[in-house]
Amino acid sequence: MISPIEQRTWLVSESPFNPFKLSHTETIFTVGNGFMGVRGTFEEGYAGDLASTLVHGIFNHAEGDLVPDIVNLPNPLPVHIVVDGEVFHMTAGRVLGYRRTLDLKRAALTREVLWRTTQGVVVKLTFERFASLAAEHLLVQRVRVRALLGSPKVEIRSSIDSAVTNEDVPHLTDIQQRAAEGDLLITARTNQSRYGIAVAAAHSLSTHSAPSTSADQVRYTFDLPQETEVSLTKVSAIYTTRQSKTPDQAAQEAARAALAKGYESLFASHCAAWEQYWHTSDVHIEGDEVAQKAIRFTTYHVLIAAPRHDEHSSIGAKTLSGPGYKGHVFWDTELFMLPMLTLTQPKLARNLLMYRYHNLGGARNKARANGYEGAMFPWESTDTGEETTPQWSHPQPDGTRIRIWTGDTEQHISTDIAYAVLQYWQWTGDDEFFVKHGAEIVLDTAVFWGSRAEYNTEQDRYELKMQIGPDEYHENVDNSAFTNSMVRWHLQQALAVRQWLLAHHAQAAEALLARLGITAERCALWERIAAKMYVPRDPETGVLEQFDGFFNLERLDLTHWQPRVANMDWILGHARAQGVMVIKQADIVMLMALLGEQFGTLEERQANWDFYYPIVDHGSSLSPSTHAWVAARLNLLEDAYKMFIYAANIDLEDLKGNVRDGIHAAASGGVWQALAFGFVGLGLADNGEMQVAPALPPHWQSVTLRVYHRGQLKTIRLTAEG
Ligand code: BGC
């Protein structure tokens, strides 16, 4: 018997209908399968909704726009139901009951509505949908209509909406529409990148009624005697020229073939695939229903966004669930989402790392263009691997635009990617990947840093000027302690990787080192930089100074600025925020998370925490989960839990007020990471053995998770008794 708590924690529900939360619920009710993401927009459409159908890798740079966008594809969802001539809409007639439920276990969205027409007919409408995990080109919908009071004449109209844009920016051209006997097809091209796309839909009705098909619509009309039910199954297939030379044909064939299998059979294979996902990725928490549900929700959102069969795409900061950041890929993927995948779905993690490998070309271009060597990864990346960070913000209230520097100087991303590669390699033991691909990423990014570090002759030390660390409120600073420390670590790792390659794969190593120009002189340089990298620090307390001059900034007591949702840099203004000792997100604390005990002694870590925790704004959703992780390691369980629950509910409760733009994917991945590396204290010993060092919230009775360690699936179960 499944316990009621177990059942409840797999379900995210909305009841009653709340039109004011439309854009929030659209995001959180997104369905997806690693290929597509379809927001929880209603079939009949509402004013102000933001239908969005995104697939990985389809970007387009529209004329006049600053940077490329992930393209919103034609919307396959529309289904309109007409009961005795009245078009169903939740603002018309009378809604007698409403419940919408995302079943996280089965990755399926269901809406049930009891609706009374103005003439008094009552119908129950059930809308179901899922993006098949078993056949990733398919979005499957079923609409059931049951007559409860009265025997109406019902009409169901289905269409694909091609009049879509990315918030008024049009990306599609050559849009063509075709329809025949219950089938619909839309083809189009992106107007700059020239990707071909096709969305096809095939339909079947549970009762006999010949469809009448026009260019843009399939219609069924039938009588519905009281207490009977009729259902329409709509199978849509999406293909692009990234998968097929003839996406139109591929989409039509896929939709028809799937329809022939029937809804139940398609759903069964989808559920079976999800069972496998959850078998390794589910975390079971006893004693905390809120945390249990939240971690299933956040894990679901990372899983639906992770490409399964594509190593040329990665997960954008807002997944495929909304327009935020235009689908661009940041360090969020490597340092927040990847760890969960590396440990629970290593094949998916490998795909994401391969995306970076395939985009080394873009990273090398960026290094060259800036006068450096090696590979310098873009801060924001899309399908080309070139830098796609906008250089200017949207106009501010006073009409001016702010220069965005992250694409120029937030350079730590190259090391973040190397970190993720090494973490994947250490946990999986996937030497094949590492020798062929991973090592090249680690080494060529090290080549970049070797050319980037500046020698200060007066001080006899290496420095990095003009950086942005994780805390983006302070731009173009000198000697970011985070960046400098991570670069030192990176160069040490690169030297060790070189040695390992030479010892174990001599031939491959020679070829790679020669190709990347990693000579004895270069290694000597790396050693010098690592030994003499300057990291600003108060020698008395051991507290790192976030960057040169940080300790002299104006102090502000953040405790008085509550309750607050807006970011401090927005409130203070961009320029003033630079001079104030309030930071956007975990920066030194992020360094503590990544380096663990290598950061310093327990006293030093505690001192750094005490200094930085009170001045952090959590202006970035990346911040709370990192704080939860580090606080747990310091055994500060109250703070750790507070931060954990904050991170876990960011999207469920719209704590940042911007879930409309999409899921905060780094926070989602960060929740798993805070639990695994923070509370459970999961880690690898020097000899590669897996170890745990639990520091659980006191009210948790137990926590169980599974992780792969060197190809073996291990179950870790911790109980309060220890
Ligand atoms: C954060 C970055 C993050 C980006 C995308 C910014 O607000 O400061 O760290 O990479 O959002 O999520």
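Residues numbered from 1 in each chain as written. Predicted model: local features only at pLDDT ≥ 70, side-chain atom pairs only at ≥ 80, totals over all residues. Heavy atoms only, no water.

Surrounding the ligand, one finds Ala317, Tyr325, Phe330, Trp331, Asp332, Trp379, Glu472, Lys584, Gln585, Ser620 and Leu622. Within the side chain of Trp331, a nitrogen or oxygen atom sits 2.9 Å from an oxygen atom of the ligand. Within the contact set of the ligand, an oxygen atom lies 2.5 Å away from a side-chain nitrogen or oxygen of Asp332. Contact with the protein chains removes 91% of the 310 Å² of surface that the ligand exposes when unbound. (Near = heavy atom within 4 Å. Polar contact = N/O pair within 3.5 Å; in protein donor to acceptor, adjacent residues only side chain to side chain. Areas by Shrake-Rupley, 256 points an atom, 1.4 Å probe, with all protein chains shown as cover.)

Now for the side chain of Asn33. Here Asn33 lies in the loop between strand S2 (31-32) and strand S3 (36-38). For Asn33, a relative accessible area of 0% gives the class buried. A polar contact of 3.0 Å, which involves the side chain of Asn33, links it to the backbone nitrogen of Met36. From its side chain, Asn33 meets the backbone oxygen of Ser132 in a polar contact 2.8 Å long. Setting aside its immediate chain neighbours within four residues, Asn33 contacts Ala131, Ser132, Leu133, Ala135, Glu136, Leu138, Ile304 and Arg308. (Helix = DSSP H or I, 4+ residues; strand = E, 2+ residues; numbered from the N terminus. Buried < 20%, exposed > 50% of the residue type's maximum accessible area, 1.4 Å probe, protein only. Contact = heavy atoms within 4.5 Å.)

The subject of this paragraph is the sheet that holds strand S19 (residues 229-240). Reading across the sheet, the nine strands line up as S1-S9-S10-S11-S12-S19-S16-S15-S14 and stay open at both edges, with antiparallel pairing between neighbours. Pairing within the sheet leaves two strands with one partner each, and these edge strands are strand S1 (11-14) and strand S14 (172-180). For this sheet, the mean angle separating the axes of adjacent strands, direction not counted, is 15°. (Pairing = 2+ DSSP bridges. Axes fitted to C-alpha atoms, helices over the stretch in contact; angles between N-to-C directions.)

A few words now on the side chain of Arg522. Of note, Arg522 is situated in helix H14 (residues 520-532). The buried category is assigned to Arg522, whose relative accessible area is 15%. Among the polar contacts made by the side chain of Arg522, one reaches the main-chain carbonyl oxygen of Gly517 at a distance of 2.7 Å. When sequence neighbours within four positions are dropped, the list of residues in contact with Arg522 reads Glu373, Val447, Leu516 and Gly517.

Most of S19 sits inside the fold, with eleven of its twelve residues counted as buried. The pairing of strand S12 (residues 138-149) with S19 spans nine bridges and is antiparallel. Each bridged residue has a counterpart across the sheet, and for Leu139 the counterpart in S19 is Ser236. Bridging between strand S16 (residues 196-205) and S19 involves nine bridges; their strand directions are antiparallel.

What follows covers the pattern of salt bridges. It is possible for side chains of opposite charge to pair when their charged atoms get near one another. One pass over the structure, following the stated rule, counts 46 salt bridges. We note a salt bridge from Asp65 to Lys326, for which the minimum N-O separation is 3.1 Å. Of this pair, Asp65 sits in the loop between strand S5 (59-60) and strand S6 (69-70) while Lys326 sits in the loop between helix H5 (289-305) and helix H6 (331-344), and the two are 261 residues apart along the sequence. Its relative accessible area of 22% is what places Asp65 among the partly exposed residues. Residue Arg515 pairs with Glu440 through a salt bridge whose shortest N-O separation is 3.0 Å. Here the residue Arg515 occupies a position in helix H13 (residues 506-516), and Glu440 occupies one in helix H11 (residues 431-452), the gap between them amounting to 75 residues. Judged by relative accessible area, which is 55%, Arg515 ranks as exposed. Through salt bridges with shared partners, one network takes in Glu128, Arg142, Arg144, Arg146, Glu229 and Glu264. (Salt bridge = Lys/Arg side-chain N within 4 Å of Asp/Glu carboxyl O.)

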